[in-house]
Amino acid sequence: MLHNPLMFFIGGVLAASYFIAPMLFASRTRPACFMFVALLYIVAMAVTFLVVDARASLALLELGVAFTLIGKLLAINFSMLQSPNYPKNRRCY
């Protein structure tokens, strides 16, 4: 089994790839970004499966997906707070 800090780091890198891929492929379409991120996940899972075991590979997949979802929720919340169209700015008291 991999050490916990290493697993969290790899999961964070996989999650960060979801946000960095659109910047790398700015001229490409959305499916190209998705394929790049999916390829990174597949390579990370395959290498972890071959080097360590299936439990560590599944744990990395779960961590990567969980960090991606949490990051996406935080990014949506941040963009809503920064937007001038956010309903909080148009409240009537």
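Because the structure is predicted, anything quoted here is derived from the model rather than measured.

What counts as what
All residue numbers refer to position in the chain's written sequence, counted from 1. The predicted origin of the model limits local features to residues at a pLDDT of at least 70 and limits the giving and counting of side-chain atom pairs to 80 or more, whereas totals for whole chains, interfaces and linings rest on all residues. Excluded from the side-chain calculations are hydrogens and water; all other atoms, namely the structure's heavy atoms, are used. Segments assigned H or I by DSSP are reported as helices when at least four residues long, segments assigned E as strands when at least two residues long, and all are numbered from the N terminus. Here the expected span of a helix is defined as 1.5 Å times the quantity of residues minus one. The angle between axes fitted to the seven residues ending at a residue and the seven residues starting there is what we call the bend at that residue. Type-normalised accessible area, obtained with a 1.4 Å probe on protein chains alone, sets the label of each residue: buried when under 20%, exposed when over 50%, and partly exposed for intermediate values. We call two residues contacting when some pair of their heavy atoms lies within 4.5 Å.

Caption draft 1: Highlighting helix α1 (residues 4-24). When the terminal C-alpha atoms of α1 are compared, their 29 Å separation across 21 residues agrees well with the 30 Å that a helix rising 1.5 Å per residue should span. Along α1, the helix axis deviates most sharply at Tyr18, where the bend reaches about 40°; the proline Pro22 sits within four residues downstream. Among the residues making up α1, those that are buried are Met7, Gly11, Leu14, Ala15, Ser17 and Ala21.

Caption draft 2: Here's a closer look at the side chain of Ser57. Looking at the secondary structure, you find Ser57 in helix α3 (residues 54-82). Every residue in contact with Ser57, bar those within four places of it in the chain, is listed here: Met45, Thr48 and Phe49.

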